[in-house]
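Examining the three-dimensional arrangement
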Amino acid sequence: KNFFLVGLFFAVLTAKCYPQIGVDGGILRPELFIGKYGVGLIFLLSGLSLQTSELTNALSYVKLNGLVQLAIFGFWPFLIGLPLKGLLTTAFSGLIPPALIDGLLILSTLPTTVNMCIMLTSASGGNVATSICNAVLSNMAGILVTPALLFRFFGTQIRLPFLQMVLKLCKK
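Residues numbered from 1 in each chain as written. Predicted model: local features only at pLDDT ≥ 70, side-chain atom pairs only at ≥ 80, totals over all residues. Heavy atoms only, no water.

A few points about the side chain of Ser131
Take Ser131: it is sitting in helix α7 (residues 128-154). In this structure Ser131 comes out as buried when scored by relative accessible area, which is 7%. (Helix = DSSP H or I, 4+ residues; strand = E, 2+ residues; numbered from the N terminus. Buried < 20%, exposed > 50% of the residue type's maximum accessible area, 1.4 Å probe, protein only.)

A word on the packing of helix α4 (residues 62-91) against helix α5 (residues 98-108)
With their axes 8 Å apart at the nearest point, α4 and α5 run at an angle of 170° to one another. As the angle between them shows, α4 and α5 are arranged roughly antiparallel. Along its contact with α4, which presents Ile72, Trp76, Pro77, Gly81, Leu82, Leu84, Lys85, Leu88 and Thr89, the element α5 presents Ile101, Asp102, Leu104, Leu105 and Ser108. Class assignment of the residues belonging to the contact of α4 with α5 gives a composition of nine nonpolar, three polar and two charged. (Axes fitted to C-alpha atoms, helices over the stretch in contact; angles between N-to-C directions. Parallel < 35°, antiparallel > 145°, perpendicular 65-115°, else oblique. Contact = heavy atoms within 4.5 Å. Nonpolar A, V, L, I, M, F, W, Y, C, P; charged D, E, K, R; others polar.)

Describing α4
Along an α-helix, residues three or four positions apart point the same way, because every turn accommodates 3.6 residues. Helix length check: α4, at 30 residues, gives a terminal C-alpha distance of 40 Å against a target of 44 Å (1.5 Å per residue), a fit within 8%. The axis of α4 is deflected most strongly, by about 45°, at Phe75, and proline Pro77 appears within four residues downstream. Among all positions in α4, only Asn65, Gln69, Ile72, Phe73, Gly74, Pro77, Gly81 and Leu88 are buried. (Expected span 1.5 Å × (residues − 1). Bend = angle between axes of the 7 residues up to and from the residue.)

Quick look at the environment of Ser131
Separated by 66 residues in sequence, Ser131 and Asn65 place their C-alpha atoms 9.2 Å apart. Once residues within four sequence positions are removed from consideration, Ser131 is found in contact with Cys117, Ile118 and Thr121. A polar side-chain atom of Ser131 sits 3.1 Å from a polar atom in the side chain of Thr121. (Polar contact = N/O pair within 3.5 Å; in protein donor to acceptor, adjacent residues only side chain to side chain.)

Brief notes about the packing of aromatic side chains
Tallying each qualifying case throughout the model produces two aromatic pairs. Look at Phe75 and Trp76: their rings are 5.6 Å apart centre to centre, the planes differ by 75°, and that puts the pair in the edge-to-face class. Ring geometry for Phe78 and Phe153: centres 5.2 Å apart, planes at 70°, overall edge-to-face. Placement of the pair is Phe78 in helix α4 and Phe153 in helix α7, with a sequence separation of 75 residues. Residue Phe153 is classed as buried on the basis of its relative accessible area, which comes to 13%. (Phe/Tyr/Trp six-rings, centres within 6.5 Å; stacked < 30°, edge-to-face > 60°.)

Examining a nonpolar patch on the surface
Judged by side-chain polarity, Phe3, Phe4, Leu5, Leu8, Val12, Met116, Met119 and Leu120 come together as a nonpolar surface patch covering roughly 760 Å² of accessible area. Only α1 (3-17) and α6 (114-123) provide two or more residues apiece to the nonpolar patch. Among the elements that take part in the nonpolar patch, α1 stands out by supplying five residues, more than any other. What makes Leu120 partly exposed here is its relative accessible area of 42%. (Patch = residues over 30% accessible without salt bridge, like charges linked within 9 Å, V, L, I, M, F, W, Y side chains within 5 Å. Areas by Shrake-Rupley, 256 points an atom, 1.4 Å probe, with all protein chains shown as cover. Salt bridge = Lys/Arg side-chain N within 4 Å of Asp/Glu carboxyl O.)

Purely geometric stuff here, so don't read any function into it on its own.
This is how it looks when you write it as structure tokens:
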């Protein structure tokens, strides 16, 4: 019944005892299988278990999808990320480096990961089709929304090769 929690515990324990297995270039080749093919495999398996009508139905829940996107890009950065940065900056100013505090704020602006979205939704018995739709929507929107949020929070600007970044993301 609690296979995910037991599996997670087993994975952490194995990684602690045998870290050489999971390093880049190691036996498991995580840089290849997890980073390159893992997300695609999860999409494939989830997609095979769903009918096209379920995905179309999930897209038609405009209010739900809008609420999820608002929670990802509005609630987390502004109601969790900023207050957390303020709290950590004032309460733990000497203990936590400012770069780490800024990193936590940056993490609050990122969209959800596709694989965790699907795995946790299916493990909890949720609507996987809606989860897939929102994972795809948030990751596509995150290409533009996350830099805008970072500019809003940090107020600085950098030049990046935007076209090359988008092409690199599409290749993954």
